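Chain residues, written in single-letter form:
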Amino acid sequence: YFQRRRRERIASAQARLRPSDSRPIELRSDDVLNGVVGLIGNTPLIRIASLSDALGVEILGKAEFLNPGGSVKDRVAVQIIDDAERRGVLRPHEGYRIFEGTSGSTGISVAMVARARGYDATIIVPDDMAKEKLHALVTLGADVEQVRPASIVNKKQYVNIARERALAFAPALPGADTQLQSEMTPVVHGFFADQFENKSNYDAHFSGTGPELWRQTNGDVRAFVSGAGTGGTIAGVGRFLKSKREDIVVCLADCEGSGLYNKIKHGVMYDHREKEGTKRRHQVDTVVEGIGLNRMTKNLELALPIIDDAVRVTDPEAVAMARYLVKHDGLFVGSSSACNLVACVRLARKMGWRNGERIVTVMCDSGARHYSKFWNDEYLQKEGIPVDVGLVEKMLE
Ligand code: PMP
């Protein structure tokens, strides 16, 4: 009986591999969706009244915090898993375990989609990440391994540990009869999701977020603003929008400690910490979680040729923007969204736009993911980061 049940489960899982099943094409759907994965993507775009009215420029934010896993990264997780299933390196309900190293939301999305699709997940995280993200990972049934934060060039850095753990498991052989294999002996296969180097990340945005934004604005969009953590969003959305209209300005929002602004402006990812000779090189030291980079990744490589401009955003500015949006719009966003919105204001001012030009950006996650750090005034005070909404008011004067 159990063997039969198992075969039925596998057959139904395999029948599900058609990607259109999991993500409806329509922006709104009255259809019954296919489980939690069916809720991913097709997020609404909202006008941010306080900023738009003050600037005379339409500031539009894509509400990615409405994804079921709470962030834009749900799109990436489902694309990585769909693509791997299509290549035959992941098969549902056959003892596959997905590994990822992440301080951001990707772990939560991978854990959630893994559960929905019949996989186990191990997420390696730095031990200083916001507690609410850790709780979400554990609640979603992931095995969580906390390690000391370290530079990416260090073997003990969480991304490197995740890769190593995945490789230590029996690799999946494309085309091998793993069903038969695992019926005879319990074989566990490892799969490294690898959001930084895996091009499925870019594809999720090129085939999802980008086209959605294009449809939602009817092509009436002057600029796209985004931070980069892996580079997937800015590369995928940026390239899609440019393929439609070459003159759309793609602008990077860069946070403190990140080398990307320098890379765009001066061609080198010069890291001031490296110059000062401290051990923290290659780490992005900011209260803004999820964005900032000091090294090249495959996803970022795809973005570099299409980024037209870059704007630097300080921690106090991002903190101020988040408070400003709650005060004026009742909009409770996370740190990278706040950083993106500061950059939207800067870009509008810099370009001298004031005739209703439309700038679109991504609101990656909600403030609820950030109570213990970015949204904790006591914590910020200890870190020496002022909380002063006046900074945004000045920016808008
Ligand atoms: N915001 C948040 C909250 C994130 O977790 C991430 C991903 N690390 C980003 C923004 C950046 O997106 P991307 O990785 O596509 O550059």
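These figures come from a predicted structure and were not determined experimentally.

Undergrad: Which residues make up the environment of Gln3, and what values go with them?
TA: With respect to the helices and strands, the residue Gln3 is situated in helix α1 (residues 2–15). Among the residues examined, Gln3 registers 8 C-beta atoms within 10 Å and is labelled exposed. Between the alpha carbons of Gln3 and Pro305 there is a distance of 52 Å; along the sequence they are 302 residues apart.

Undergrad: Tell me about the packing of helix α9 (residues 200–216) against helix α10 (residues 232–244), and name the residues and values.
TA: At a minimum axis distance of 7 Å, the contact between α9 and α10 shows a crossing angle of 50°. As summarised for this structure, α9 and α10 are arranged oblique, according to the angle between their axes. Where α9 crosses over α10, the two elements pack in a sense that is right-handed. Contact with α9, carried on its side by Asn201, Tyr202, Asp203, Ala204, His205, Phe206, Thr209, Gly210, Pro211, Leu213 and Trp214, involves Gly232, Thr233, Ala235, Gly236, Val237, Arg239, Phe240, Leu241 and Lys244 of α10 and no other residues of that element. Taken together, the residues of the contact of α9 with α10 break down into 10 nonpolar, 7 polar and 3 charged.

Undergrad: A description of the site of the ligand should follow, citing residues and the corresponding values.
TA: Contacts to the ligand come from 17 residues, most closely from Gly104, Gly229, Gly290, Ser336 and Cys364. Here the shell around the ligand is composed, by residue class, of 3 nonpolar, 12 polar and 2 charged.

Undergrad: Can you tell me about the sheet that holds strand β7 (residues 223–226), naming the residues and giving the values?
TA: With mixed pairing, the 6 strands of this open sheet are ordered in space as β1-β2-β10-β7-β8-β9. Where the open sheet ends on each side, the last strands, each with one partner, are β1 (45–47) and β9 (309–312). Averaged over all adjacent pairs, the angle separating strand axes in this sheet is 25°, with direction ignored. Relative to strand β8 (residues 249–254), β7 is paired through 4 bridges, and the arrangement is parallel. Opposite Phe224, over in β8, you have Val250 as the bridge partner. Packed onto the sheet, α10 meets β7, β8 and β10 (358–363) and runs at close to 175° relative to β7. Across the sheet, helix α15 (residues 335–351) is in contact with β2 (58–63), β7, β8, β9 and β10; its angle to β10 comes to roughly 165°.

Undergrad: How would you explain the pairing of β8 if you had to name every residue and give the values?
TA: Of all 6 residues that make up β8, 6 are buried, and the element is covered over most of its length. Residues Val249, Cys251 and Ala253 line one face of β8 and the alternating positions Val250, Leu252 and Asp254 line the opposite face, and both faces are buried. Crossover connection from β7 via α10 to parallel β8: handedness right-handed. The pairing of β8 with β9 spans 4 bridges and is parallel.

Undergrad: Outline the nonpolar core, supporting the account with residue identities and numerical values.
TA: In terms of nonpolar packing, the biggest core is built from 68 residues, with Cys251, Ala318, Met321, Cys339, Ala343 and Ile359 touching the most fellow members. Of all the elements, α15 adds the most residues to this core, at 9 residues. Ignoring sequence-local partners within four residues, the contact set of Met321 consists of Ala338, Leu341, Val342 and Val392. Ala121, Ala130, Ala136 and Ala193 belong to the second-largest nonpolar core, a separate cluster that totals 38 residues.

Conventions used here
Residues numbered from 1 in each chain as written. Predicted model: local features only at pLDDT ≥ 70, side-chain atom pairs only at ≥ 80, totals over all residues. Helix = DSSP H or I, 4+ residues; strand = E, 2+ residues; numbered from the N terminus. Buried ≥ 20, exposed ≤ 12 C-beta atoms within 10 Å, placed from the backbone. Axes fitted to C-alpha atoms, helices over the stretch in contact; angles between N-to-C directions. Parallel < 35°, antiparallel > 145°, perpendicular 65-115°, else oblique. Left-handed = near helix turned anticlockwise from the far one by under 90°. Contact = placed C-beta atoms within 7 Å. Nonpolar A, V, L, I, M, F, W, Y, C, P; charged D, E, K, R; others polar. Near = placed C-beta within 6 Å. Pairing = 2+ DSSP bridges. Right-handed = clockwise from strand over helix to strand, strands pointing away. Core = buried A, V, L, I, M, F, W, Y, C linked by C-beta atoms within 7 Å.

All quantities given are derived from atomic positions and should not be read as evidence of function.
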